[in-house]
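# Secondary and tertiary structure notes
Each chain, written out:
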Amino acid sequence: MFRMSCERAISRREFLRSAAGIGTATAMFFGLPLRAAALPPMPKTIVVTFGGGARDEETFAPEGQRYIPRLLEELIPQATFYTQVVNRGILGHYVANAGLATGCYETFDNFMPIAPSNPTIFEYYRRDRQRPASDVWVIAPSNGFDHIGESNHTLYGHGLGATVVLPKQLLTLANHHAVADCDQLLRDNYESPIASPLTAKRQDSLHGMAELMKLSMDDFLAHARKSQSPDELSLYIAQHVMQTVAPSLLWITLHDIDIAHSGAFSLYTEAITRTDSICADLWKSIQSNPEYAGKTNLFLLPDFGRDSDMSPGGNGFQHHRTGDALSRTTWLMAMGPNIRQSVTVDRPVQSVDLVPTLAHLLGCNARFSRGSLLTEVL
Amino acid sequence: MIASPASLQSSDFAKYPSQARDLAQRYLPTLTRLPVAFLAVFLRELMGYDWQFPVERAETEAQLHTLRNRGDLPNLQQTLARFDSLPIAPCFQRTGWAAQPSRAVEEMTAFLWSAGAMDAFHVAGAAYGDQLAQIRVQQEKVRDRLCIVIVGRDATGEQDLFRHLRPHGICFENVSAGGGLKAVMSLLEKRAQADPVPYAHWYVDGGETHDSGARAGVNSISYGDLAPTRRNLLQYMVTARSLGSVGPEELRSRMMQMGPTQLGNSQGGSDEVLRHFELSVLKEGAGTQIFSTTFVQWTARELLRRARPDTLVLRYAPRQADRPMNELISVEDGEQELDPRGSLVDAEMGAYYTWINLNRLHGEENCRFISWHESGTTAIAVSPALAKGTVSTQTCDVEQLLHWSLG
């Protein structure tokens, strides 16, 4: 089954070489000097999960490139690009994202509000570097991601986690006394159509969070009225947090693409193009913000792919249920001042390799992670 | 204690529909010797025996016959051994799990994912799929299948249409639409009359049924005609959503247990097989309740997988525009904004998936496949009688296209 993913990697690599004139990691190691020479000791890190499962066919494969114009034109030339990132865990969004954050394949029930059992990168960083919660933020659109910021590991957890913002909850709160005209942003995952009411305790906590990030509810609502999707709202929150709090570690989970579960191919590909734009805009925000410009590493990757058109047990792009090679194999793009530009890495890596790599860059020890270092970006 | 297949009893099938119960009880000694992971999946299918299409029923019986003689079939033994080597899910410790095989399969797959054994389960499933293909080859004569997919009602833009299908057939870029629908429907009727096999000729519409007069020998399903059933199902989802206590998997399990009577589905009339099929499309297909394009694509997939028709005509209609989930599943009546352009994109992909599913059937080399943009000028025809990967700019109409495709 991994033969197919290997073939896919080759087609991506060939395109990237022809489009951007780039070489492989091995070739480039001997050529370009690292810009990391001028790097301050502790860079900032932003991770974006490229929303809700995206296949090669609709991203970097030749037939998919029409949907990601800005990744191709603006970001790829500045990035080290891994062509084969394999997720060997459970292909459910919450549990897979938790796995990305812990560097271990988590095995809990995807649909339950459960904290990861292994420590997250947020906890490693905060404990080892003695950082406050305000220095580590997670922005996730879906209510199901409430617990992703902190594990229940006995040696970690206990208030060592990230500050987690769910923009939809903020919007619900902001809308409390306003006209409910932002319904399009409260859309949840097609497969999780359960509405959970905000408890009084959660409302207090949201008020505190809004205060911490100096977020005016009026401004937030005004922006929400102009946004077309939950992920655009997440971008707004991310840009606001960068402006007002400037955390060292920011994790953004995008999710619009998961509209694919409704079976409408046009909505799925529109969401990919929207996500493409969000990622490019975020990179621009990084470059224009003095707290981040020139000292921020950005990692972009889908949590996993979606089923192959040819898997008889699936229904193509609609779901990610078969566990076939294409649903498990995806890509990762990394860029920043200490990361080589215009390089592809063809060796297979795993999605759990992200955490030890981030830990290395952030100067902490991801001791329970099962992944290996992505040495090409260190 | 594991409630192994060996501990299965006749009483485990007491709540199965009558014909399924009789069949399970008749083959009890065979069933007790099967690996539990295989058995759970097999029983889930067997439980629907009373409402299966004729070809499915014949296949279920042929499978049972083959499984009874597994000792003489080393390849089958080897395949079943793959299922035997899977870790056993805790749900099988529950006495009486076989009474609700759907629930057991859901719990088992969740367990296999968490145990990292899902890949092995899929490999075992694919190996059994190969065995099943052999059973089909022995059982079925090669059919002369025809599938026509009409896309793009009210959508005019058509750049690069049918890009996935172009390498497999001739793309006609100058097709006159006049009389096209009539020609397709007339061919459908002719084929149904010439070979009046039950459930062999189908018409699926994403809007209201075209020209609603009944066609002899043709089974028709439409998104529009199923509106009352869809509404009842959505009402159930809205209620579950407002409770906030039923998770998506539990909701799905509950929906799966609902029958036509509970959902007021009388579209299939007295045809129980048809009524159950319609309901299964709405209950099991994600998005079939809210988007007509998904409804058509999923219905086609299920018909090709289950009924394996000789003639299948699909006609896509514009689906409702995207809205927030709570609005999409709301049951209020009213004018809906439509998205013809997005629907054309959906339908184009749906046509490609239908062609893939058609090619999964025995005798695929004789299949004819046509997709036609009814509000444009493009069509694609894939047929053993036609060249592959070519483009024709010759002016033609749909009737000619059908004639050339059928050779």
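Our subject is the structure listed above.
In this report, we go over the structure that sits alongside the text. Remember, predicted model here, so these are calculated numbers, not experimental data. (Residues numbered from 1 in each chain as written. Chains lettered and ligands numbered in written order. Predicted model: local features only at pLDDT ≥ 70, side-chain atom pairs only at ≥ 80, totals over all residues. Heavy atoms only, no water.)

Helices and strands together make up the secondary structure of chain B, namely 15 helices and 12 strands. Sorting the 407 residues of chain B into buried and exposed places 54% on the buried side. Counting only contacts in chain B whose residues sit at least 6 apart along the sequence, the fraction spanning at least 24 positions is 71%. Looking at chain B as shown, the accessible area adds up to about 17000 Å², and 49% of this sits on carbon and sulfur atoms. (Helix = DSSP H or I, 4+ residues; strand = E, 2+ residues; numbered from the N terminus. Buried < 20%, exposed > 50% of the residue type's maximum accessible area, 1.4 Å probe, protein only. Contact = heavy atoms within 4.5 Å. Areas by Shrake-Rupley, 256 points an atom, 1.4 Å probe, with all protein chains shown as cover.)

Here we come to the pairing of strand E2 (residues 44–49) of chain A. A regular strand carries its side chains on alternate faces of the sheet. Residue and element names in this part refer to chain A. Of all six residues in E2, six are buried, a share of seventy percent or more. Residues Lys-44, Ile-46 and Val-48 line one face of E2 and the alternating positions Thr-45, Val-47 and Thr-49 line the opposite face, and both faces are buried. Inspection of the sheet shows E2 paired to strand E7 (residues 296–301) by six bridges, in the parallel sense. Within E7, the residue paired with Thr-45 across the bridge is Asn-297. (Pairing = 2+ DSSP bridges.)

Our focus in this paragraph is the nonpolar core. Residues and elements named next belong to chain A. Counting residues in hydrophobic clusters, the biggest one holds 116 residues, and the most contacted among them are Ile-46, Leu-71, Ile-237, Leu-300 and Met-333. By residue number, the principal contributor to this core is helix H10 (residues 265–288), which donates 10 residues. With near-sequence residues (within four places) excluded, Ile-237 lies in contact with Ile-139, Val-165, Pro-167, Leu-170, Met-213, Leu-215 and Phe-220. (Core = buried A, V, L, I, M, F, W, Y, C linked by side-chain atoms within 4.5 Å.)

Let us look at the packing of aromatic side chains. Scanning the model with the defined rule gives 29 aromatic pairs over all chains in all. Judged by centre distance (5.2 Å) and plane angle (50°), the rings of Tyr94(A) and Phe108(A) are tilted. With Tyr94(A) in helix H4 (residues 93–102) and Phe108(A) in the loop between H4 and helix H5 (121–129), this residue pair connects regions lying 14 residues apart in the sequence. Grouping residues by exposure puts Tyr94(A) and Phe108(A) together as buried. Relative to Tyr16(B), the ring of Phe13(B) has its centre 5.2 Å away and its plane inclined at 65°; by these criteria the two rings are edge-to-face. Take Phe13(B): its relative accessible area is 0%, and that puts it in the buried class. Following the ring pairs from residue to residue traces out a cluster consisting of Phe265(A), Tyr268(A), Phe317(A), Tyr352(B), Tyr353(B) and Trp355(B). (Phe/Tyr/Trp six-rings, centres within 6.5 Å; stacked < 30°, edge-to-face > 60°.)

As enumerated under the stated definition, the model contains five cavities of 30 Å³ or more in all. The wall of the second largest cavity is formed by Gly263(A), Asn315(A), Phe317(A), Gln318(A), Thr293(B), Thr294(B), Gln297(B), Tyr316(B), Asp346(B), Met349(B), Gly350(B) and Tyr353(B). Counting residues per element, the ones that place at least two in the lining of the second largest cavity are helix H12 (292–307) and helix H14 (340–358) of chain B. Residues that form the lining of the second largest cavity fall into these classes: four nonpolar, seven polar and one charged. (1 Å grid on protein atoms, 1.4 Å probe; cavity = no way out; pocket = protein on both sides within 12 Å on 5 of 7 lines; lining within 4 Å. Points joined across faces, edges and corners; volume = space filled by probe spheres on them. Nonpolar A, V, L, I, M, F, W, Y, C, P; charged D, E, K, R; others polar.)

Counting through the fold element by element, Ser262(A) comes out in the loop between strand E6 (249–253) and H10. One polar contact links the side chain of Ser262(A) to the main-chain carbonyl oxygen of Ile259(A), over a distance of 2.8 Å. (Polar contact = N/O pair within 3.5 Å; in protein donor to acceptor, adjacent residues only side chain to side chain.)

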